[in-house]
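Examination of the molecular architecture
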Amino acid sequence: MLDRRHFLGTGGLLLAGLSSGCATMPHQPASTAPVDNLITGLQERTFRFFWDTTDPANGLAPDRWPTPSFASIAAVGFALTAYPIGVAHGWITREQARQRTLATLTFFANAPQGKDPTGFSGYKGFFYHFLGTTKGQRFARSELSTIDTALLLAGVLFAQSWFDGEHPEEARIRRLADQLYGAVEWDWITPRAPFVAMGWHPETGFIPSDWNIYNESLILYILALGSPTHPLPPDTWAKWTARFDPSWDTSTIDNYFTGFAPLFGHQYSQIWIDFRGMVDDYSKRRGITYFENSKRATYAQQRYAIANAGKFAGYGADVWGLTACDGPGDFKRTIGGTPYEFFSYSARGPGDRDDGTIAPTAALGSIAFAPGTPYEFFSYSARGPGDRDDGTIAPTAALGSIAFAPEIVVPTAQAMVARYGRAIYGKYGFLDAFNPTLTDPAAPLLHGQIVPGIGWVDKDYLGIDQGPIVAMIENWRSGMIWRTMRRNPHIRRGLERAGFTGGWLA
């Protein structure tokens, strides 16, 4: 059994630090050359994914690579965030980053907006989840996505604050960022006010699911509240967070937290916003910041892997990580006398075989399907994400949490490379997912391949999973993204309208 002190996290309930207004810098491990070389190498490789695969003419980033793919607007938001990281480390020049960023913002500012099903990139300031790679217009029947637009805008506003020089192109970046952000009509896409709908289709109207539980939509509501043109009412945040209580996990002796089973729900918003030491009314009532909440969610996944009630190969203290990711396919197989059910792309998280972590039973956000897979783009499910674990491990689940819990994430990165690196670690860092349990070469795979001695391994890198790796490594090491976003007036306005106090806001 692990020492319970490991689960307390830095700051425990953090109440002592809330009144000071101070936010400590990211904690780092005792520096060793092997660790530094591994994490730095991983970050550079992951950065190169965005730099190499994004179209330099329009900034459109692929949903996945090397499988031929449409563009993902959320991946574009991550790409915009990655470029200054590349400058900070000397991988590209500021001029290169400036030109790529300006091309991206210019494309989106000029992209056609309209309500018809074809010929447009978005509507009411929002953009379609997926865009074609030639014209940058709606791909197939993809939805006008609120969360993916929010992730795109987070990258746009990061670029706005980072490019703060007097160069005319940097001034234009700042103006275009204001134009893009101000164009979004947040108050239009609330058919069941006060909540924001997950999306809209020109054929059928609003998607019948809202962002109404704790998940990755913190960034969405902060952006919607901070809008200078179409803000949501200030009481939206309180009405939304009032619905968090069913997700409060009290199954452990201590370290309670608001649960969302796949780790991306804890990571995405905190790539851009430093929640350390900062509280709203909900976190005051719970006695825990959103940052500490995510740290505890990270530890809960490690505990789940250690318990390994599902008898999955490879699970343990140094190999773990469940989130939305690729998978081998949708089929059942008996391996070593144990029946397993496998899935293709899915939101994975600790389920009813776990150590008690509760998964909210509400609609999932948009999920990116793999090319070649039969699908409709009505991709929302009323199934909770905590009921799917098929042994598929996504390195982004752990690495995207490095800013929350480096003391368990760094050893996990080392173990994954040492144990499985020959198959899962390549040109752009970690491939999206792998499954040591599935070793049957006759399995009816939809994606990936069986690697002898390893198990199932994906063949693709996914933009929305690469993004948290490169960004959260930077937040852990330097806090650059967090510090930059503190200067953005739109982010501050959104946080203050939501009722946040303390931390860097003080």
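The structure contained in this document is the topic of the report that follows. (Residues numbered from 1 in each chain as written. Predicted model: local features only at pLDDT ≥ 70, side-chain atom pairs only at ≥ 80, totals over all residues. Heavy atoms only, no water.)

Side note on the overall build of the protein chain
Along the backbone of the protein chain there are 16 helices and 22 strands. Each of the 506 residues in the protein chain was classed as buried or not, and the buried ones make up 64%. Residue pairs in contact within the protein chain that sit at least 24 positions apart in sequence constitute 71% of those at least 6 positions apart. A total accessible area of about 17,300 Å² is found for the protein chain, and carbon and sulfur atoms account for 54% of it. (Helix = DSSP H or I, 4+ residues; strand = E, 2+ residues; numbered from the N terminus. Buried < 20%, exposed > 50% of the residue type's maximum accessible area, 1.4 Å probe, protein only. Contact = heavy atoms within 4.5 Å. Areas by Shrake-Rupley, 256 points an atom, 1.4 Å probe, with all protein chains shown as cover.)

Concerning the sheet that holds strand S7 (residues 199-201)
Judged by pairing direction, the sheet is antiparallel, and its three strands sit side by side in the order S6-S7-S8 without closing on themselves. Each end of this open sheet is capped by a strand with a single partner; those strands are strand S6 (144-145) and strand S8 (205-206). In the sheet, S7 pairs with S8 via two bridges, with the strands oriented antiparallel. The residue of S8 that forms the bridge with Trp 200 is Phe 206. (Pairing = 2+ DSSP bridges.)

Observations concerning the packing of helix H9 (residues 264-272) against helix H14 (residues 463-477)
Between H9 and H14, whose axes approach to 10 Å, the crossing angle comes to 55 degrees. Comparing their axes, H14 and H9 come out oblique. H14 is crossed by H9, and the crossing has left-handed handedness. Here H9 contributes Gln 267, Tyr 268, Gln 270 and Ile 271 to the contact with H14, which in turn contributes Ile 464, Asp 465, Pro 468, Ala 471, Met 472 and Asn 475. Of the residues that constitute the contact of H9 with H14, the class distribution is six nonpolar, three polar and one charged. (Axes fitted to C-alpha atoms, helices over the stretch in contact; angles between N-to-C directions. Parallel < 35°, antiparallel > 145°, perpendicular 65-115°, else oblique. Left-handed = near helix turned anticlockwise from the far one by under 90°. Nonpolar A, V, L, I, M, F, W, Y, C, P; charged D, E, K, R; others polar.)

Details of the packing of aromatic side chains
Summed over the entire model, instances satisfying the criterion amount to 43 aromatic pairs. Plain terms: the ring middles of Trp 237 and Trp 240 are 5.0 Å apart, the flat faces sit at 80 degrees to each other, and that makes the pair edge-to-face. Here the residue Trp 237 and the residue Trp 240 both occupy positions in helix H8 (residues 236-241), the gap between them amounting to three residues, near one helical turn. Since its relative accessible area comes to 2%, Trp 237 is described here as buried. (Phe/Tyr/Trp six-rings, centres within 6.5 Å; stacked < 30°, edge-to-face > 60°.)

A short note on helix H5 (residues 146-162)
Between its first and last C-alpha, H5 extends 24 Å over 17 residues, near the 24 Å set by a 1.5 Å rise per residue. Of all 17 residues that make up H5, 17 are buried, and the element is covered over most of its length. (Expected span 1.5 Å × (residues − 1).)

Concerning the side chain of Thr 101
Tracing the sequence through the fold places Thr 101 in helix H4 (residues 94-110). Overall, Thr 101 belongs to the buried group, its relative accessible area being 0%. Polar contacts involving the side chain of Thr 101 include one to the main-chain carbonyl oxygen of Ala 97, which spans 2.8 Å. In this structure, Thr 101 is in contact with Leu 80, Tyr 83, Ala 159, Phe 163 and Ile 173, ignoring residues within four places of it in sequence. (Polar contact = N/O pair within 3.5 Å; in protein donor to acceptor, adjacent residues only side chain to side chain.)

Looking at the environment of Val 87
Structurally, Val 87 can be placed in helix H3 (residues 73-88). By relative accessible area, Val 87 is classed as buried at 19%. Sequence-wise, Val 87 and Arg 98 are eleven residues apart; in three dimensions their C-alpha atoms are separated by 9.9 Å. Each residue touching Val 87, except ones within four places of it in the same chain, is listed here: Ile 92, Thr 93, Arg 94, Ala 97 and Trp 162.

So, the pairing of strand S14 (residues 338-342)
Across five bridges, the pairing between strand S13 (residues 331-335) and S14 is antiparallel. Its bridge partner being in S14, Phe 331 is matched across the sheet by Phe 342. Between the end of S13 and the start of S14, which pair antiparallel, lie two residues, with Gly 336 showing a positive phi angle near 60 degrees.

Observations regarding the sheet that holds strand S18 (residues 434-435)
One open sheet holds the three strands; their spatial order is S18-S20-S19, and the pairing between them is antiparallel. In the strand order of this sheet, the two ends are held by S18 and strand S19 (449-451), each with one partner. Inspection of the sheet shows S19 paired to strand S20 (residues 455-457) by three bridges, in the antiparallel sense. If you follow Gln 449 over to S20, its bridge partner there is Val 457.

Notes on the packing of H5 against helix H6 (residues 168-182)
Direction vectors running N to C along H5 and H6 enclose 150 degrees, while the axes themselves pass 8 Å from each other. With respect to each other, H5 and H6 are oriented roughly antiparallel. Crossing angle aside, the handedness with which H5 passes H6 is left-handed. For the pair formed by H5 and H6, the contact residues are Leu 153, Val 156, Leu 157, Ala 159 and Gln 160 on the first element and Ile 173, Arg 174, Ala 177, Asp 178, Leu 180 and Tyr 181 on the second.

Digging into the environment of Arg 486
Within the element layout of this structure, Arg 486 appears in helix H15 (residues 480-486). A relative accessible area of 24% places Arg 486 in the partly exposed class. Setting aside its immediate chain neighbours within four residues, Arg 486 contacts Asp 274, Arg 276 and Trp 504.

Overview of the nonpolar core
Membership of the largest hydrophobic core comes to 160 residues, with the highest contact counts inside it found for Phe 108, Trp 186, Trp 237, Trp 272, Phe 275 and Leu 495. Beyond its immediate stretch of four places on either side in the chain, Trp 237 contacts Leu 218, Tyr 221, Ile 222, Leu 225, Asp 280, Tyr 290, Ala 498 and Phe 500. (Core = buried A, V, L, I, M, F, W, Y, C linked by side-chain atoms within 4.5 Å.)

Some thoughts on the pattern of salt bridges
Applying the stated criterion across every chain, the model contains 25 salt bridges. Between Glu 169 and Arg 98 there is a salt bridge, with the nearest N and O atoms lying 3.2 Å from each other. Of the two residues, Glu 169 is situated in helix H6 and Arg 98 in helix H4; the sequence distance between them amounts to 71 residues. Two residues, Asp 274 and Arg 276, come together in a salt bridge whose shortest N-O distance is 2.8 Å. As far as the burial class goes, Asp 274 and Arg 276 line up, both buried. Residues joined in a network through salt bridges with shared partners are Arg 94, Arg 98, Asp 164, Glu 169, Glu 170 and Arg 487. (Salt bridge = Lys/Arg side-chain N within 4 Å of Asp/Glu carboxyl O.)

Examining H9
For an α-helix, the turn length of 3.6 residues means that residues three or four places apart are oriented alike. Counting buried residues in H9 gives nine out of nine residues, a clear majority hidden from the surface. Of the residues making up H9, those classed as buried are Phe 264, Gly 265, His 266, Gln 267, Tyr 268, Ser 269, Gln 270, Ile 271 and Trp 272.

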